[in-house]
Amino acid sequence: MEYLTGDQEYFKGIGKIRYEGPESDNPYAFKFYDENRKVAGKTMKEHFRFAVAYWHSFCNAGDDPFGAGPRPLPWEQAKDPVERARNKMDAAFEFMSKLGVPFFCFHDIDLVEEGPTIAQTEKRLQTLVDYAREKKDASGIELLWGTANLFNHPRYMNGASTNPDFGVVAQAGAQLKRALDATIALDGHNYVFWGGREGYMSLLNTDMKREVDHYARMLEMARDYARKQGFKGNFFIEPKPMEPTKAQYDFDASTVLEFLRHYNLTDDFRLNIEANHATLALHTFQHELQVAANAGMLGSIDANRGDPQNGWDTDQFPNNVYDVTEAMLVILEAGGFQGGGINFDAKLRRNSTDPDDLFHAHIGAMDTFARALTAADKILHQSEYPGLKSKRYASFDSGPGRRFENRELTLEDLRGIAAEKGEPELKSGKQEYFENLVNYYVR
Ligand code: XLS
Ligand code: NI
Ligand code: NI
């Protein structure tokens, strides 16, 4: 089977996207992403585990705070919500199977909108989960992670798990259970928590300690419930410093690590690092990846990029090979992702309104990662980079430096060694040399 369609073909005139190599000028082909090509012992498909984000790709017409979205979503025409949702799923699996990605990700309400009661919402979601199972089995496209959208509905305006009103917390729990059930029924590899409105707008009306305790309790309940249902995957927390609240409780990787350790959640939870969230926190993407990797907690990534002129979460598709190469260096050195992969949490620009735009966005992003992987692999395995880096720390490999690392020296010892050795000679950090080295392999 080349690709899947439903009754209607939504992306007409575009067939299966194939690898044609760097010489190709076909805009509907990969020039660098060759899923079967082996790099550092694994195929590109295995390294990346690319996933399409259901919400940005199939639910978003390009709305912004200044107006409704201009993009036509032909699968949204039917009157009946379940029929609409099935059409959307046809479109999603058609697109993903033409693109040739192994995974997708969703929020519960991306699949189908809520019904008037909890029981009706559960029934609707079950119908779409059954349909997704058929599509998944027919296409081989798997669920990288599911999540609950605990931020759109007006009831969550003061938070979901951290809402000061227990009635809302209970609603959040019901929705979380539903999203877990859907994820498990679809053999989801992982489950994500992004604390959409888990934060505050003003500390004056906020009991932060109590809210964070409630948040942790909800995570424990989710873990216990899912494990009881036999879920073996990882749970991920996705840090973000702000938006939609002024201050999110999952500010950045370090904050989330502290939270997970404090509440003893490190056995089940890992981090899902998003590029644009890193830059919003005034970090680089590489920094956040490295913090997660150092803790042995790099679970997955949400790949996108921000806009240096706009301060917000613009969620653009990654296209900068140099930046992604720096990220791939950290990912490769960490030994890859723990259970996760690369989800394109990225959306078309508001004025990208043709059906083929979604293809160009993903093809470009996947090729960007492929180029970056090839470059990073050469930098790590063929260049002087690892040696140059470790040489900077060579004074800790033997003698008193080694004893310092082994915790055998005291502060008085350091005083004695410093007095004896005298002023050390200056050693250049060679930053420009390192930067040139990366540039040399990015080609
Ligand atoms: C929003 C987040 C969101 C999560 C999933 O900024 O990135 O898309 O990835 O809820
Ligand atoms: Ni995200
Ligand atoms: Ni985001």
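Above: the structure in question.
Caption draft 1: Representation of unusual backbone geometry in the model. For the bond from Glu243 to Pro244, the omega torsion is 5°, close enough to zero to count as cis. Among the structural elements, Pro244 can be located in the loop between strand E10 (234-237) and strand E11 (247-248). We note that Ala40 has phi near 45°; this positive angle belongs to a residue other than glycine. Here Ala40 lies in the loop between strand E3 (38-39) and strand E4 (42-43). On the basis of relative accessible area, Ala40 is assigned to the partly exposed category, the value being 45%. Here Asn264, not a glycine, exhibits a phi torsion of approximately 55°, which is positive. Its relative accessible area of 64% is what places Asn264 among the exposed residues.

Caption draft 2: How the structure looks around the site of ligand 1. In the region of ligand 1, the neighbouring residues are Trp55, His107, Trp194, Glu238, Lys240, Glu274, His277, Asp302, Asp313 and Asp345. One nitrogen or oxygen atom from the side chain of Trp55 is found 3.4 Å from an oxygen atom belonging to ligand 1. A distance of 2.8 Å separates an oxygen atom of ligand 1 from a polar side-chain atom of Lys240. Calculation on ligand 1 without its partners gives an accessible area of 290 Å², and the protein chains cover 93% of this total. A majority-of-atoms criterion places ligand 1 in the largest pocket. Classifying every residue of the shell around ligand 1 gives 2 nonpolar, 2 polar and 6 charged.

Caption draft 3: Summary view of the coordination of the nickel ion (ligand 3). With distances of 2.1 to 2.5 Å, the protein atoms coordinating the nickel ion (ligand 3) are Glu274 (OE), His277 (NE2) and Asp313 (OD). In this model, the nickel ion (ligand 3) sits 3.9 Å from the nickel ion (ligand 2), the two metals being bridged by Glu274. Here His277 is found in helix H9 (residues 275-280), whereas its partner Asp313 is found in the loop between strand E13 (298-303) and helix H11 (321-333), with 36 residues between them in sequence. The pair His277 / Asp313 is uniform in exposure class, with both members buried.

Caption draft 4: Spotlight on the sheet that holds strand E14 (residues 342-344). Reading around the circumference, E5-E6-E7-E8-E10-E12-E13-E14 is the order of the 8 strands in this closed barrel, with parallel pairing throughout. Averaged over all adjacent pairs, the angle separating strand axes in this sheet is 30°, with direction ignored. Alignment of strand E12 (residues 269-274) against E13, held across 4 bridges, turns out to be parallel. Within E13, the position partnered with Asn272 by the bridge is Ser300. Those strands touched by helix H10 (residues 285-294) are E12 and E13, and its axis lies near 170° from that of E12.

Reading the values: rules and limits
Residues numbered from 1 in each chain as written. Chains lettered and ligands numbered in written order. Predicted model: local features only at pLDDT ≥ 70, side-chain atom pairs only at ≥ 80, totals over all residues. Heavy atoms only, no water. Helix = DSSP H or I, 4+ residues; strand = E, 2+ residues; numbered from the N terminus. Buried < 20%, exposed > 50% of the residue type's maximum accessible area, 1.4 Å probe, protein only. Near = heavy atom within 4 Å. Polar contact = N/O pair within 3.5 Å; in protein donor to acceptor, adjacent residues only side chain to side chain. Areas by Shrake-Rupley, 256 points an atom, 1.4 Å probe, with all protein chains shown as cover. 1 Å grid on protein atoms, 1.4 Å probe; cavity = no way out; pocket = protein on both sides within 12 Å on 5 of 7 lines; lining within 4 Å. Sits in = over half its atoms within 2 Å of the grid points. Nonpolar A, V, L, I, M, F, W, Y, C, P; charged D, E, K, R; others polar. Donors = N, O, S within 2.8 Å, 3.2 Å for Na, K, Ca; no water. Pairing = 2+ DSSP bridges. Axes fitted to C-alpha atoms, helices over the stretch in contact; angles between N-to-C directions. Contact = heavy atoms within 4.5 Å.

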